[in-house]
4 protein chains.
Amino acid sequence: MSEALHEKLERALRDAFDASTEIYKQRGFQRRIGFGSRPALVSVDLANAWTRPGNPFYCGDTMDNELIPGMQKLLKAFRDNGHVVVHVTTAYQNTDRNDPNTDMGMWHHKIPVEAVNLKDEDLWAIDSRIAPIEGEYVMLKKRASSFSGTPLAGYLRSASVDTILVTGVTATACVRTTICDGLAEGFRTIAVKECIGDRVPGAVAWNLYDIDAKFADVETVETCVNYLERVSRKPSSMAAE
Amino acid sequence: MSEALHEKLERALRDAFDASTEIYKQRGFQRRIGFGSRPALVSVDLANAWTRPGNPFYCGDTMDNELIPGMQKLLKAFRDNGHVVVHVTTAYQNTDRNDPNTDMGMWHHKIPVEAVNLKDEDLWAIDSRIAPIEGEYVMLKKRASSFSGTPLAGYLRSASVDTILVTGVTATACVRTTICDGLAEGFRTIAVKECIGDRVPGAVAWNLYDIDAKFADVETVETCVNYLERVSRKPSSMAAE
Amino acid sequence: MSEALHEKLERALRDAFDASTEIYKQRGFQRRIGFGSRPALVSVDLANAWTRPGNPFYCGDTMDNELIPGMQKLLKAFRDNGHVVVHVTTAYQNTDRNDPNTDMGMWHHKIPVEAVNLKDEDLWAIDSRIAPIEGEYVMLKKRASSFSGTPLAGYLRSASVDTILVTGVTATACVRTTICDGLAEGFRTIAVKECIGDRVPGAVAWNLYDIDAKFADVETVETCVNYLERVSRKPSSMAAE
Amino acid sequence: MSEALHEKLERALRDAFDASTEIYKQRGFQRRIGFGSRPALVSVDLANAWTRPGNPFYCGDTMDNELIPGMQKLLKAFRDNGHVVVHVTTAYQNTDRNDPNTDMGMWHHKIPVEAVNLKDEDLWAIDSRIAPIEGEYVMLKKRASSFSGTPLAGYLRSASVDTILVTGVTATACVRTTICDGLAEGFRTIAVKECIGDRVPGAVAWNLYDIDAKFADVETVETCVNYLERVSRKPSSMAAE
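Quick summary incoming for the structure in this document. (Residues numbered from 1 in each chain as written. Chains lettered and ligands numbered in written order. Predicted model: local features only at pLDDT ≥ 70, side-chain atom pairs only at ≥ 80, totals over all residues. Heavy atoms only, no water.)

1. Overview of the overall build of chain A
Then step 1. Looking only at helices and strands, one finds 9 helices and 6 strands in chain A.
Then step 2. Expected size for 241 residues packed as a compact globule is a radius of gyration near 18 Å; at 18 Å, chain A falls within 12% of this value.
Then step 3. Once the C-alpha set of chain A is aligned to its principal axes, its extents read approximately 60 × 45 × 30 Å.
Then step 4. Each of the 241 residues in chain A was classed as buried or not, and the buried ones make up 63%.
Then step 5. Accessible surface for chain A amounts to roughly 8,600 Å². Of this, 48% is attributable to carbon and sulfur atoms.
Then step 6. Between the averaged position of the 28 positive side-chain charges in chain A and that of its 33 negative side-chain charges there is a distance of 4 Å. (Helix = DSSP H or I, 4+ residues; strand = E, 2+ residues; numbered from the N terminus. Rg over C-alpha atoms; globule rule 2.2 N^0.38 Å. Buried < 20%, exposed > 50% of the residue type's maximum accessible area, 1.4 Å probe, protein only. Areas by Shrake-Rupley, 256 points an atom, 1.4 Å probe, with all protein chains shown as cover. Lys, Arg positive; Asp, Glu negative; His and termini not counted. Charge placed at Lys NZ, Arg CZ, Asp CG, Glu CD.)

Here it is, written out as structure tokens:
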């Protein structure tokens, strides 16, 4: 898409969002859900198949300059303050599109999920720039939402989590469904603006707009980092004296 | 939003969709899932609170001229051919926003769900123009998705359904989440174009675009009606002879 | 079943439980999960169809002398201390066993769930001796478990609950499945001994034995009441001064 | 437990079951759900940690003489006739009981699930006597039920399955919860008598009794094999001519 068309799209979306916001405000939508007291990071599909060039799932746009650096800041704040981190990825045992018994279920009838076979660990491994550390849960999913067909909701409840910060790709699919389910499962849900990507023009903008209107607060990395430090679960050195 | 801005938005979205489609096609997205052999209609939130003027949830735009007439054609085809019909609606027992124990869960922190109290049956009753008939399941939900916190998936499985046609409002919230979950739960999922609405500019267009790329086939009422007649579960009069 | 056979059964079960406990202890089962800090009561199917004579679901045995009085003590402790109370009941819109589209799903192929039609409100209404009060959630389910096809897990999470006390009938079906799911969904789960009933000999004993070994702590009403007073969410009158 | 006590237990349980069956029959319980037209095998936790001596989960009793031979006959019938087979096993990434963020959730507070770490593949690998073959789904779960926190229900629906035959260990926990959930998710559910085990006296008997009364038909391996051959999905050699 040409630079000129991009600009037209951005302007048109901005106008649409302004008009929508007027309607939403009149009717009481776009409320703030706010941060709770026990956060977890749910980082969706930031595995090589999505973060590194040369794969059907690659989301190039802001990956190297904005998304990964934002994730690095977030991860530091989560880890320094003793909060829960979950890394989610996606892969399949049986990627034969003609086998009716494949664990891809119905999804390969819409998108090329057959590209990620469990045997190709390099494809579904979390990007090394934001690699999991000892004790962080790396959760394999089969569907778009990190909550669909996974133990995530029960896991977060048993870890006393009440708030989830969601990052990753894509805004259109796995991130948005994770956010919608997060709210439904009873968590205060936050979408971290710079850490959500996609691979087609406009998709991040309109999906974050919809999300902020109805499902989760969209907040910057900076706001999130400030919050994470405020609710530290680590005993301070003061307290240790 | 002025007519001129609307036109600019439509043109800009069309350009964005064209550019995205090029990327999606190259990478193997936007496949057709197709119709299966045992369909059900899942009609979401076409209750008075959403279909009749004067309520925070009213989705006026295409309601009277396109959505309801489309639904009437669909319902006739479902009923004439003996297929399963589910009407979904949303309401709450406790609409006190200050009570932490409300069955609204977390959602009233984002949108005005307190507007639909179970005691106001007129609000959550299905619109009389498309009223349920004897034997059709009217299912109450609390969250956006018709599958979230409901027995819908198991119900459809026990009725031998393999395909769902999804209609209703809004494209942004309850329809989109229902469609994403429908696919995840193993159903061939179809979004019925003219029978899906919303209340803000552009939202139907971009949500159907995302849906068609990754979660469900978007099909017209006419295509759906033709299909429903083709897979009739009613014994034909021929067969009865 | 004669008194003599009852005694023989009890003795034989006691011996079996002793032998099993030895094995379980050696292998590290039968641990204590303990009470958390934010309890909710999940009271299952204590509606007239189960609590009052003359219905296929009636569980007579200990109902009037033990279960209902125990529930009254528990409810008082929950309410006096500001804790969450959920009353669960079961009923169906379509109780035609020959209709493949009934919301009974598959269950009427095993048990007579067709006995509880939604139109007979008196049948599925909570027993008046333990009637819900304003603000308490009365939740309708279709399956055995209170978590299956309901918004219960998300509801409890949004109310900040970390512990559930489960009561009701029957030990074999709705209570046991609710308890197993409660643990899986991340809640500290407690089975309240005197407040769980059934309708056939031995069933309460062996189901509570299995539950205590693997899924939940079985505790008396007295222990539960003491706990509920200790974790009061109500500000004390002291604090108000 | 001595042979004499075992006999007393069996006799007492038989009497209790007889008395219960009388009550159940009067009230319309213990119905037959029957076999459907598209079966799948759901084989639960027949991995080395449960099937081979020297582990906290070992279920010795009937394992070598009855359960494994029964499974071999069943597997042959499933495979010869082209039916779906799912092998379920259980293991954890983080088996530190003191880490509140372990993926064991709440379960290690009741039973020693810390014994099965994902790194010890030999422990959670399916027993080699009934090893999975190419294309059969090996599904990892974290909770008791094979449906809890897994994509199983959606997987089975997308494979057009309407009937599940459940086998494995233990009757008390993972098998029983899988069966209860299977029914709730809309599948005709069959418990295969000789292929279900446990590790404590009486537990198989009373759990299968409860299951047959309310959740699934208990059937022998022979009956199941006959059924599997009758509903073959493989084109017969006749048809191939």
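Back to the text.
2. Remarks on the sheet that holds strand S2 (residues 84–90) of chain D
Residue and element names in this part refer to chain D.
Then step 1. Pairing is parallel in the open sheet, where 6 strands are placed in the order S3-S2-S1-S4-S5-S6. Of all strands in the sheet, those bounded by a partner on one side alone are strand S3 (137–141) and strand S6 (217–219). Strand-to-strand, the axes of this sheet are offset by a mean angle of 25 degrees, without reference to chain direction.
Then step 2. Two strands pair when backbone bridges link them, and strand S4 (residues 163–169) and strand S5 (residues 188–197) are joined in this way by 6 bridges, in the parallel orientation. Note on S5: the bridge partner recorded for Val166 is Ala191.
Then step 3. Together, strand S1 (39–44), S2, S4 and S5 form the strand contacts of helix H3 (residues 63–80), whose direction differs from that of S5 by roughly 140 degrees.
Then step 4. Helix-sheet contacts for helix H8 (residues 221–230) involve S1, S4, S5 and S6, and the interaxial angle to S5 is about 135 degrees. (Pairing = 2+ DSSP bridges. Axes fitted to C-alpha atoms, helices over the stretch in contact; angles between N-to-C directions. Contact = heavy atoms within 4.5 Å.)

3. Some points on the interface of chain A and chain D
Then step 1. Taken together, the 21 residues of chain A in the interface contact 21 residues of chain D.
Then step 2. Between chain A and chain D, roughly 1,800 Å² of surface is buried when both sides are summed, and carbon and sulfur atoms account for 50% of that area.
Then step 3. In this structure, the connection of chain A to chain D is made through 4 residue pairs in polar contact (both at pLDDT 80 or more).
Then step 4. When residues of the side of chain A that touches chain D are traced back to their parent elements, those giving at least two are strand S3 (137–141) and helix H5 (152–158) of chain A.
Then step 5. When the residues that make up the side of chain A that touches chain D are grouped by side-chain class, the tally is 8 nonpolar, 9 polar and 4 charged. (Buried area = accessible area lost by both parts, 1.4 Å probe. Polar contact = N/O pair within 3.5 Å; in protein donor to acceptor, adjacent residues only side chain to side chain. Nonpolar A, V, L, I, M, F, W, Y, C, P; charged D, E, K, R; others polar.)

4. Observations concerning the packing of helix H3 (residues 63–80) of chain A against helix H8 (residues 221–230) of chain A
Helix-helix packing is characterised by the crossing angle of the two axes and by the distance between the axes.
Residues and elements named next belong to chain A.
Then step 1. Two elements in contact, H3 and H8, have axes separated by 9 Å at closest approach and are oriented at 10 degrees. Compared by their axis directions, H3 and H8 come out roughly parallel. Of H8, the residues touching H3 (which contributes Gly70, Lys73, Leu74, Ala77 and Phe78) are Val221, Cys224, Val225 and Leu228.
Then step 2. Of the residues that constitute the contact of H3 with H8, the class distribution is 7 nonpolar, 1 polar and 1 charged. (Parallel < 35°, antiparallel > 145°, perpendicular 65-115°, else oblique.)

5. Looking at unusual backbone geometry
Then step 1. Put simply, B:Val169 and B:Thr170 share a cis peptide bond, and its omega is -10 degrees.
Then step 2. Note on placement: B:Thr170 falls in the loop between strand S4 (163–169) and helix H6 (171–184).
Then step 3. Even without being glycine, C:Asp45 reaches a positive phi, approximately 60 degrees.
Then step 4. The phi dihedral of D:Ser160 falls on the positive side, at around 65 degrees, and the residue is not glycine.

6. Focus: the environment of D:Lys141
All names here are of chain D.
Then step 1. Of note, Lys141 is situated in strand S3.
Then step 2. The class for Lys141 is buried, based on a relative accessible area of 0%.
Then step 3. With 50 residues separating them in the primary sequence, Lys141 and Ala91 have C-alpha atoms 7.1 Å apart.
Then step 4. Apart from the residues within four sequence positions on either side, Lys141 is in contact with Val44, Asp45, Val88, Thr89, Thr90, Ala91, Ser146, Thr150 and Cys174.

7. A closer look at the packing of aromatic side chains
All names here are of chain A.
Then step 1. Using the criterion set out here, one finds 42 aromatic pairs over all chains in the structure.
Then step 2. Note on Phe17 and Tyr209: the rings are 4.3 Å apart at their centroids and 5 degrees apart in plane angle, and the pair reads as stacked. Placement of the pair is Phe17 in helix H1 (residues 3–27) and Tyr209 in helix H7 (residues 203–214), with a sequence separation of 192 residues.
Then step 3. The exposure class assigned to Tyr209 is buried, which follows from its relative accessible area of 10%. (Phe/Tyr/Trp six-rings, centres within 6.5 Å; stacked < 30°, edge-to-face > 60°.)

8. Remarks on the relation of the copies chain A and chain B
Then step 1. Overlay of chain A on chain B (RMSD 0.0 Å): rotation 180 degrees, translation along the axis 0.0 Å. Accordingly, the operation relating the two chain copies is best matched by a two-fold axis. Identified as the residue of chain A closest to the rotation axis by C-alpha distance is A:Ala12, at 3.2 Å. (Least-squares fit on C-alpha atoms with pLDDT ≥ 70 in both.)

9. Comments concerning the pairing of S4(B)
Within a regular strand, side chains alternate between the sheet's two faces.
All names here are of chain B.
Then step 1. Counted residue by residue, S4 has 7 buried out of 7 residues, so it is predominantly covered.
Then step 2. Neither face of S4 is left uncovered, since the one carrying Thr163, Leu165, Thr167 and Val169 and the one carrying Ile164, Val166 and Gly168 both have all their residues buried.
Then step 3. Taken together, the 6 bridges between strand S1 (residues 39–44) and S4 define a ladder with parallel strand orientation. Each residue of the ladder has a partner; that of Leu41, found in S4, is Leu165.
Then step 4. Tracing the backbone out of S4, into H6 and back to the parallel element strand S5 (residues 188–197) gives a crossover that is right-handed. (Right-handed = clockwise from strand over helix to strand, strands pointing away.)

Geometric values such as these leave the question of function open.
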